[in-house]
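Single-letter residue listing:
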Amino acid sequence: MTNDIKDKNKESLGQVFIQFIKFGLVGVSNTVISGIIYFVLNSVILPGVWIVASVVSWVISVLWAYFIQNIFVFKEDETKEKRVWWKALIKTYMTYAFTGLILNNIMLFLWTNVIDIAKYCGPVITFFASIHIGFLGDPETFSSNAGWFINMIVSIPLNFLINKFWAYKQEEKKED
C-alpha cells in the first residue's frame, strides 16, 4: 500500500471527535426513548412492574441505538468489507450489556456501598436540598444518584470506543 492510500484510510482526530459528538447525540435520543418507554410501561401499561419496564425499555433503546448509529455515526466504509448487520447488532447488545448492566452496577455498588460518596459531600447535599433538588439533596440517595452521573463520564467514552473499534468495525477488503 502506498503512503497516499494509508493516509486516506486514517481518520483525523477531528473526524473522530465529530463522530463522538454524533454518538453523544444518539445517546441523548436513546435516553429519551428509553425513559419514555420505561415511564409508559411502568406508569400506564404495567404500573409498578418496573423490572419489565426496565428490560423492555433497554432492549428497544439499544435496538434504536444500533439503527441510528449504523446510519449516523458508524457509517459503512465502501472501501472495506461489508458489515454483517446481525453481527454488529449482537455486538452492540453485548457492548451495552457490559457497560450499561454490568459495569455501571458494579460502579454504583462501589459509589454507594464501598465509598459512600455522600459522606464526603455534605455541603453539596445541603446546597441541593436548599434549592429543592431532591434527587441530589437527599443524603440517602445522593451516592447512588451522583454515582449514576459519574458512571456516565466513564461509560459514554467506553461505549464509543467499544462500538467504534469492535461492534461496528469493518475488515479491510482482501486483495486478490
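Our structure's up above, just so we're on the same page.
Here the structure is a predicted model, which is why all the values come from computation and not from measurement.

Across its full length, the protein chain carries seven helices and zero strands. Listing each helix as α and each strand as β along the protein chain from the N terminus yields α-α-α-α-α-α-α. For the protein chain, whose C-alpha radius of gyration is 20 Å, the value lies well above the compact-globule estimate of 16 Å for 176 residues. Over its C-alpha atoms, taken along the principal directions, the protein chain stretches across nearly 65 × 40 × 25 Å. Expressed as a percentage of the 176 residues in the protein chain, the buried residues total 29%. Within the protein chain, contacts between residues at least 6 apart in sequence are counted, and of these 71% link residues at least 24 apart. Split by element, the accessible area of the protein chain, about 11,600 Å² in all, is 70% carbon and sulfur. Placing the 15 positive and 14 negative side-chain charges of the protein chain at their respective mean positions leaves the two points 3 Å apart.

So, on to the environment of Val40. Locating Val40 in the fold gives a position in helix H2 (residues 13-45). As a C-alpha pair, Val40 and Ala53 span 13 residues in sequence and 8.2 Å in three-dimensional space.

Along helix H7 (residues 142-167), the largest kink reaches about 30 degrees and is centred on Met152. Buried within H7 are the following residues: Phe142, Ser143, Ala146, Gly147, Asn151, Ser155, Asn159, Phe160, Ile162, Asn163, Lys164 and Ala167. Contacts from the buried residues of H7 go to H2, helix H3 (50-73), helix H4 (85-114), helix H5 (122-130) and helix H6 (134-137).

Side-chain pairing between opposite charges can occur once the charged atoms of the two side chains come close. As enumerated under the stated definition, the model contains two salt bridges in all. A salt bridge links Lys80 to Glu172; the shortest N-O distance between them is 3.6 Å. A residue pair is termed long-range when its members are at least 10 positions apart, and Lys80 in the loop between H3 and H4 and Glu172 in the segment after H7 qualify at 92 residues. On the basis of relative accessible area, Glu172 is assigned to the partly exposed category, the value being 40%.

Applying the stated criterion across every chain yields a total of ten aromatic pairs. On the numbers, 6.1 Å between centres and 20 degrees between planes, the contact of Tyr66 with Tyr168 is stacked. One end of the pair, Tyr66, is in helix H3; the other, Tyr168, is in the segment after H7, and 102 residues separate them in sequence. Take Tyr66 and Tyr168: they sit in the same class, and that class is buried. Look at Phe74 and Tyr168: their rings are 4.8 Å apart centre to centre, the planes differ by 25 degrees, and that puts the pair in the stacked class.

Thresholds, definitions, all that
Residues numbered from 1 in each chain as written. Predicted model: local features only at pLDDT ≥ 70, side-chain atom pairs only at ≥ 80, totals over all residues. Heavy atoms only, no water. Helix = DSSP H or I, 4+ residues; strand = E, 2+ residues; numbered from the N terminus. Rg over C-alpha atoms; globule rule 2.2 N^0.38 Å. Buried < 20%, exposed > 50% of the residue type's maximum accessible area, 1.4 Å probe, protein only. Contact = heavy atoms within 4.5 Å. Areas by Shrake-Rupley, 256 points an atom, 1.4 Å probe, with all protein chains shown as cover. Lys, Arg positive; Asp, Glu negative; His and termini not counted. Charge placed at Lys NZ, Arg CZ, Asp CG, Glu CD. Bend = angle between axes of the 7 residues up to and from the residue. Salt bridge = Lys/Arg side-chain N within 4 Å of Asp/Glu carboxyl O. Phe/Tyr/Trp six-rings, centres within 6.5 Å; stacked < 30°, edge-to-face > 60°.

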